[in-house]
Amino acid sequence: MTNPSTFSRRDSRQEQFLTILSREEAMARFEAALFPRPMPAEVRSLAEALGSALAEDVTAPVDVPPFDRSNVDGFSVRAADVAAASEALPVRLELNAESIACGTVPQLPVLAGTASPISTGGPLPRGADAIVMVEHTHAAGDDAIEVRRSVSPGQFVSYAGSDIARGEVLLRSGTVIASREVGMLAACGIARVPVARKLRVAVLSTGDELVQPGEALRPAAIHDANGPIVSAAVTENGCEASFLGAFPDDEATLESAMRQALAAHDVLILSGGTSKGAGDISHRIVGRLGKPGVIAHGVALKPGKPLCLAVCDGKPVIILPGFPTSAMFTFHDMVVPVLRRMAGLPPRVDVQVTARVPFRVPSELGRTEFVMVSLVRGQEGLAAYPTGKGSGAITSFAQADGFMRIEALVDHVPAGSEVPVTLFTPHVRVPDLVVIGSHCTGLDLVAGALFRDAFSVRTLAVGSLGGLAAAKRGECDIAPIHLFDPRTQSYNAPFLTEGLELVPGWRRMQGLVFRNGDERFEGRDPEEAVRAARADPECIMVNRNQGSGTRILIDQLLGSARPEGYWNQPRSHNAVAAAVAQKRADWGVTIAPVARAAGLGFIPLTEEHYDFALVSSRKERPAVQAFLAALQSPDIQVALERAGFARTQVS
Ligand code: AMP
Ligand code: MG
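Quick notes on the rules
- Residues numbered from 1 in each chain as written.
- Chains lettered and ligands numbered in written order.
- Predicted model: local features only at pLDDT ≥ 70, side-chain atom pairs only at ≥ 80, totals over all residues.
- Heavy atoms only, no water.
- Helix = DSSP H or I, 4+ residues; strand = E, 2+ residues; numbered from the N terminus.
- Rg over C-alpha atoms; globule rule 2.2 N^0.38 Å.
- Buried < 20%, exposed > 50% of the residue type's maximum accessible area, 1.4 Å probe, protein only.
- Pairing = 2+ DSSP bridges.
- Axes fitted to C-alpha atoms, helices over the stretch in contact; angles between N-to-C directions.
- 1 Å grid on protein atoms, 1.4 Å probe; cavity = no way out; pocket = protein on both sides within 12 Å on 5 of 7 lines; lining within 4 Å.
- Points joined across faces, edges and corners; volume = space filled by probe spheres on them.
- Contact = heavy atoms within 4.5 Å.
- Salt bridge = Lys/Arg side-chain N within 4 Å of Asp/Glu carboxyl O.
- Core = buried A, V, L, I, M, F, W, Y, C linked by side-chain atoms within 4.5 Å.
- Domains from an automatic or database assignment.
- Parallel < 35°, antiparallel > 145°, perpendicular 65-115°, else oblique.
- Left-handed = near helix turned anticlockwise from the far one by under 90°.
- Nonpolar A, V, L, I, M, F, W, Y, C, P; charged D, E, K, R; others polar.
- Near = heavy atom within 4 Å.
- Polar contact = N/O pair within 3.5 Å; in protein donor to acceptor, adjacent residues only side chain to side chain.
- Areas by Shrake-Rupley, 256 points an atom, 1.4 Å probe, with all protein chains shown as cover.
- Arc of directions from axis to C-beta.

A. Up close: the overall build of the protein chain. The secondary structure content of the protein chain amounts to 17 helices and 37 strands. Taken over C-alpha atoms, the radius of gyration comes to 36 Å for the protein chain, far larger than the 26 Å a tight globule of 651 residues would show. The principal-axis extent of the C-alpha atoms belonging to the protein chain is close to 120 × 75 × 45 Å. Looking at the protein chain as a whole, 48% of its 651 residues qualify as buried.

B. Quick look at the sheet that holds strand 4 (residues 74-77). Read across the open sheet, the six strands follow the order 7-4-6-5-9-8; overall the sheet is mixed. At either margin of the open sheet sits one strand with a lone partner, and together these are strand 7 (130-133) and strand 8 (137-139). For this sheet the average axis-to-axis angle between neighbouring strands, irrespective of direction, equals 40°. Here strand 5 (residues 91-95) runs beside strand 9 (residues 144-147); their pairing, made up of four bridges, is antiparallel. Note on strand 9: the bridge partner recorded for Val 91 is Val 147.

C. The layout of surface pockets, seen in detail. Here the second largest pocket is characterised by a volume of approximately 740 Å³. Looking at the lining of the second largest pocket element by element, the count peaks at seven residues for helix 8 (residues 324-342).

D. Summary view of the sheet that holds strand 13 (residues 200-206). Spatially, 16-13-17-21-20-18 is the arrangement adopted by the six strands of the open sheet, whose pairing is mixed. In the strand order of this sheet, the two ends are held by strand 16 (240-247) and strand 18 (292-297), each with one partner. Strand-to-strand twist across the sheet, computed as the mean angle between neighbouring axes with direction ignored, equals 15°. For strand 13 and strand 16, the ladder comprises six bridges, and the chain directions are parallel. In the sheet register, Val 203 faces strand 16, and the bridge partner there is Phe 243. Its contacts with the sheet place helix 5 (residues 226-236) against strand 13, strand 16, strand 17 (267-271) and strand 21 (315-320), and it is angled at close to 165° to strand 13. Docked against the sheet, helix 8 engages strand 13, strand 17, strand 20 (308-312) and strand 21, running at close to 170° with respect to strand 21.

E. Focus on the pattern of salt bridges. Inspection of every chain in the model, using the stated rule, returns 32 salt bridges. Note that Glu 94 and Arg 92 form a salt bridge whose closest N and O atoms lie 3.2 Å from each other.

F. Layout of the nonpolar core. Core analysis: the biggest nonpolar cluster contains 41 residues, and Val 201, Val 234, Ile 269, Ile 318, Leu 320, Phe 331 and Leu 339 have the highest contact counts within it. Tallying contributions element by element places helix 8 first for this core, with 10 residues. Three or more residues apiece are contributed to this core by two domains, here domain 2 (199-342) and domain 3 (350-428). The contacts of Val 234, once residues within four sequence positions are left out, are Val 201, Val 203, Cys 239, Glu 240, Ala 241, Ile 269, Phe 331 and Leu 339. Listed in part, the 36 residues of the second largest apolar core include Val 435, Trp 506, Ala 595 and Leu 600.

G. Looking closely at the packing of helix 2 (residues 23-34) against helix 8. Packing of helix 2 against helix 8 leaves a shortest axis separation of 11 Å and a crossing angle of 25°. As judged from the angle between their axes, helix 2 and helix 8 are roughly parallel. Judged by the twist between their axes, the crossing of helix 2 over helix 8 is right-handed. Across from Arg 23, Ala 26, Met 27, Phe 30, Glu 31 and Leu 34 in helix 2, the residues of helix 8 making contact are Asp 333, Met 334, Pro 337, Val 338 and Arg 341. Counted by class, the contact of helix 2 with helix 8 contains seven nonpolar, no polar and four charged residues.

H. Spotlight on the domain arrangement of the protein chain. Here the protein chain is described as being made up of domain 1 (69-158), domain 2 (199-342), domain 3 (350-428) and domain 4 (438-651). Taking only C-alpha atoms, the centre of domain 1 and the centre of domain 4 are 83 Å apart.

I. Main features of the site of ligand 1. Inspection of the region around ligand 1 gives 18 residues, with Glu 209, Asp 224, Ala 225, Gly 273 and Gly 322 positioned closest. Contacts to ligand 1 include Gly 273, whose backbone N or O atom sits 2.7 Å from an oxygen atom. Between a nitrogen atom of ligand 1 and a main-chain N or O atom of Gly 322, the distance comes to 3.3 Å. For ligand 1, whose unbound accessible area comes to 490 Å², protein coverage reaches 81%. Those elements that place two or more of their residues in the shell around ligand 1 are strand 13 and strand 15 (222-223). Among the residues forming the shell around ligand 1, the class breakdown is five nonpolar, 10 polar and three charged.

J. Looking closely at empty space enclosed by the protein. Evaluated as defined, the whole model comprises two cavities of 30 Å³ or more. Looking at the largest cavity, its volume works out to about 40 Å³. Classifying every residue of the lining of the largest cavity by side-chain character gives four nonpolar, three polar and two charged. What the second largest cavity holds in volume is close to 30 Å³. Along the walls of the second largest cavity sit Ala 533, Arg 534, Cys 539, Met 541, Pro 563 and Trp 587, which together make up its complete lining. When the residues that make up the lining of the second largest cavity are grouped by side-chain class, the tally is five nonpolar, no polar and one charged.

K. Highlighting the side chain of Ser 374. The residue Ser 374 is located in strand 24 (residues 368-378) in this model. The class of Ser 374 is buried, set by a relative accessible area of 0%. Discounting residues that sit within four places of it in the chain, Ser 374 has contacts with Ala 383, Ala 384, Tyr 385, Thr 387, Gln 399, Ala 400, Asp 401, Arg 458 and Leu 460.

L. Fine view of helix 14 (residues 573-581). All of the buried residues along helix 14 are His 573, Val 576, Ala 577, Ala 579 and Val 580. For helix 14, the angular spread of the buried residues around the axis is 160°, confining them to a single face. Tucked inside the fold, the buried residues of helix 14 contact strand 34 (500-514), helix 13 (549-558), strand 35 (588-591) and helix 15 (592-597). A positive phi of about 70° marks Lys 583, the residue just after helix 14.

M. Spatial organisation of the pairing of strand 9. Two elements, strand 8 and strand 9, share three bridges in a ladder whose sense is antiparallel. Note that in strand 9 the partner of Ala 139 across the bridge is Ile 145.

N. View of the packing of helix 10 (residues 441-452) against helix 16 (residues 622-632). Orientation of helix 10 relative to helix 16, taken along the N-to-C sense of each, is 125°, at an axis distance of 9 Å. As judged from the angle between their axes, helix 10 and helix 16 are oblique. Helix 16 is crossed by helix 10, and the crossing has right-handed handedness. Across the interface between the two elements, Leu 443, Val 446, Ala 449 and Leu 450 from helix 10 touch Ala 623, Ala 626, Phe 627, Ala 630 and Leu 631 from helix 16.

Structure follows, in structure tokens:
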């Protein structure tokens, strides 16, 4: 593609992206281009107004209650008649020939020396000025009562307009209508109210690689996560989301979809296609959709730098970054305030708590950074563990309790410092059992048993050493570890310190994986297999990251050799299996259950011990006891063995 027009477009695009604005500057320019603006309103029934903001003040058209009303079951009387009544000297009153039920208009006046029976909610009759509760009277024949207690004028009476007075402002403009507001409006007889019209927000995903959830993935494709998340978050913020689907990175198709979407909606939100890649076109189209066009493209946010904010003939057009985590942070931080303001809704209120960071958290200078954290309760209050696996990871959102914000001019948060954490939920959820350390799929089997017993479990994968440190600080109940001590030639026990005890877990067979039928590996022992692999210049390996136990094994096998693929160093057992299964590599080292699940051939090398460092002071907690019981239970033992883990017997 070397025609001149492509070049000039590309040049201007690069220029735009070089002007990176601070978060505050980008927000200020975006808001200045959108506000002030009239707020479209419409009249809706109470049921349909739920969740919307009132567009005008509402005044009460009537008094509530509309008449003087009895608050109790009893007798309407003249207070002066019973002023002297007592247990010892009851006062006798003759009963009038009517009983005032709810909804009945009284016909007879209460004259001196008389009373009319009245129900709760009944209108006070002429002449009466108080109610005597039925409990404070006795029947005296059929037509009279004895009153044994005095009452003051007005007792047990609600006067007309005492709840809501006609002409009073009932609800102010901007109030969000919830069930209580519906109740007040209904009590005044108001059936329809003027509310801000719900914002119509079009949501659209872009990318050739996207497949909708529910449809099968083709090779190299991924499921569209942004479409559903953004639509849900739009709805959660009181707007009406229309998800229009995922569009391929084709300029003409996308442009026509964007034009149609913009014509029928108040706001257009896209995701993807906003970086500098060749297929990234949506931000170029925006410039043609209306004035003034792009306001900010490139904001000093992490994650979220490629965010693009535009206004096209008064309507906001937002292109969120493609990675779901980046898309969500920029949506909540930069888009939600604008949507709510346009919709006449009050700003969202976020709950914050203070927590300590357990280790140093580095941050890029010059960008406002959002770091997702999981909260656990330690001896000194809450601790905030960063859960981020990078902006491409979607699970970090579900596992996180909230996020901390690191300002642009801060380059790290020191270990042990206290930070404000903005919660994703209204309250801190404290799990019953906290497991921090090395992850293993076998652990999911044990945790699953606890879930069935209604214990909540939080597992944070920070590696064996990170888990031990957390256990020493009292931030977890259990730290799963697999640490080999070369001096004693044994696993785990040498690493425990005062206050920790070892609970035996299971052994995981480590071995060479290859695709079944590969003659370089099939039927050989490990040394032969590695020799055959090295003899073949076409053979590619996949390594593991420095510091993992598996890497130590691989380096022992290879000695000083550095075969093709050595520098490919993924961080997990599953990534090794995927590389071999998908033919990016021919061999690697992983654990037997993972090899089996991926349908790969396996040559056993050695067994690794996966055990638990238990914080002794937490041993008696019910969830810890449940964990220990689950470990011992025959069901779990069978499940572990079936998954390829060998239980370590207590010696
Ligand atoms: P892009 O900005 O289009 O280059 O996308 C950046 C990354 O986000 C790529 O890995 C995309 O595959 C991914 N991505 C883009 N859109 C979505 C989406 N709707 N759901 C999930 N991932 C996406
Ligand atoms: Mg894309």
